[in-house]
Amino acid sequence: MGSLLKGVSGVHWKELHDARQSPAGDIPPLFSRIAYGGDDTAHMAIDELGDLICSLGFVVGEATAPTVPFLLELVGAPDVPCKAELMDLLESICQAEQWHSAAAASGWKNTSFQEQPAWEVAARAAVRAGRPIIEGLASSVRPEEAEAARSLLRTMDEVAPFPEL
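Summary of the structure given here. (Residues numbered from 1 in each chain as written. Predicted model: local features only at pLDDT ≥ 70, side-chain atom pairs only at ≥ 80, totals over all residues. Heavy atoms only, no water.)

Let's talk about helix α1 (residues 27–36)
Just so we agree on the cut-off: Only protein chains enter the calculation, and the probe is 1.4 Å; a residue is then buried if its accessible area is under 20% of its type maximum, exposed if over 50%, and partly exposed in between. Here a strand is any run of E in DSSP of at least two residues, a helix any run of H or I of at least four, and the numbering for each starts at the N terminus. Along the arc lie the directions from the helix axis toward the C-beta atoms.
Along α1, the positions that sit buried rather than exposed are I27, P28, L30, F31, I34 and A35. Around the axis of α1, the buried residues are gathered within 155° of arc, so they sit on the same side. Note on α1: the residue one or two positions beyond its end, G38, has a positive phi of about 90°.

Structural data, given as structure tokens:
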């Protein structure tokens, strides 16, 4: 994958499941398309990636948290297109709480919701770990990037912590 995204091959993507509960092996090629494919290709790849790691804009999967550091790497790289869209995706991940809501609605007794809330916790923590990168983009000369970064920072500050399970 070049000097960018070197760590992608170190993740066992086929052992993880995406937000649709399918094996996450389709994720790594999307990173390459975003990093090296040009504006139109990157835009389409971000849309596809969003469907895989934050389905419907609010449902994360097991593979979401491992994906976030690479999204942050792309956002922080100088020549990657569509940074505002990447930050919008990160914001959706940070706001995701579908699994927590479903588990709370079931009284936290439904055993089918044992792993999923932890996916949300890990994904949100991964987004928050990228705060220094996002803060750097909040003063970008590109207005769309600066606004997306400021919006993501606001979300990081406003989203309440998840309840203890």
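Here the narrative resumes, following the displayed structure.
Considerations on the packing of helix α3 (residues 64–76) against helix α4 (residues 83–95)
The test is simple: All axes are obtained by fitting lines to C-alpha atoms, using only the stretch in contact for helices, and the reported angles, taken between N-to-C directions, cover 0 to 180 degrees. Throughout this description, any angle smaller than 35 degrees is read as roughly parallel, any larger than 145 degrees as roughly antiparallel, any in the 65 to 115 degree range as roughly perpendicular, and the remainder as oblique. The crossing is said to be left-handed when, going from far helix to near helix, the turn is anticlockwise and less than a right angle, and right-handed when the turn is clockwise. Should any heavy atoms of two residues lie within 4.5 Å, those residues are counted as being in contact. All residues other than Ala, Val, Leu, Ile, Met, Phe, Trp, Tyr, Cys, Pro, Asp, Glu, Lys and Arg, Gly among them, are scored as polar; the first ten of these are nonpolar and the last four charged.
Running from amino to carboxyl end, α3 crosses α4 at an angle of 150°, the nearest separation of the two axes being 10 Å. In terms of orientation, α3 and α4 fall into the roughly antiparallel class. Here α3 runs over α4; the crossing is left-handed. Between α3 and α4, the residues in contact are T64, V68, L71, L72, L74, V75 and G76 and K83, L86, M87, L89, L90 and I93, respectively. The residue inventory of the contact of α3 with α4, partitioned by class, reads 10 nonpolar, two polar and one charged.

So, the nonpolar core
Heads up, the rule is: Throughout this description, the term nonpolar core refers to a set of buried Ala, Val, Leu, Ile, Met, Phe, Trp, Tyr and Cys residues connected via side-chain atoms within 4.5 Å.
Counting 50 residues, the largest nonpolar core has F31, I93 and I134 as the members making the most contacts within it. Put simply, the parts of the chain that give this core at least two residues each are α1, α2 (39–53), α3, α4, α6 (116–129), α7 (131–137) and α8 (143–158). Beyond its immediate chain neighbours, meaning those up to four positions away, I93 contacts I53, C54, V60, T64, V68, L71, A123 and V127.

As for unusual backbone geometry
One non-glycine residue with positive phi stands out, namely Q21, at about 70°. Turning to its location among the elements, Q21 is positioned in the segment before α1. Although it is not a glycine, C82 sits at a positive phi angle of roughly 60°. Along the chain, C82 turns up in the loop between α3 and α4. Classification of C82 by relative accessible area gives buried; the value is 19%.

Considerations on the pattern of salt bridges
Definition in use: The salt bridge criterion pairs a side-chain nitrogen of Lys or Arg with a carboxyl oxygen of Asp or Glu, the two atoms within 4 Å.
In this structure the tally under the stated criterion is eight salt bridges. Residue D18 pairs with R20 through a salt bridge whose shortest N-O separation is 3.0 Å. A relative accessible area of 2% means that D18 is categorised as buried. We note a salt bridge from E97 to R124, for which the minimum N-O separation is 3.9 Å. Placement of E97 in the loop between α4 and α5 (98–105) and of R124 in helix α6 is noted, with a sequence separation of 27 residues between them. Owing to a relative accessible area of 2%, R124 belongs among the buried residues under this scheme. Salt bridges linked by common partners bring R131, E135 and D157 together as one network.

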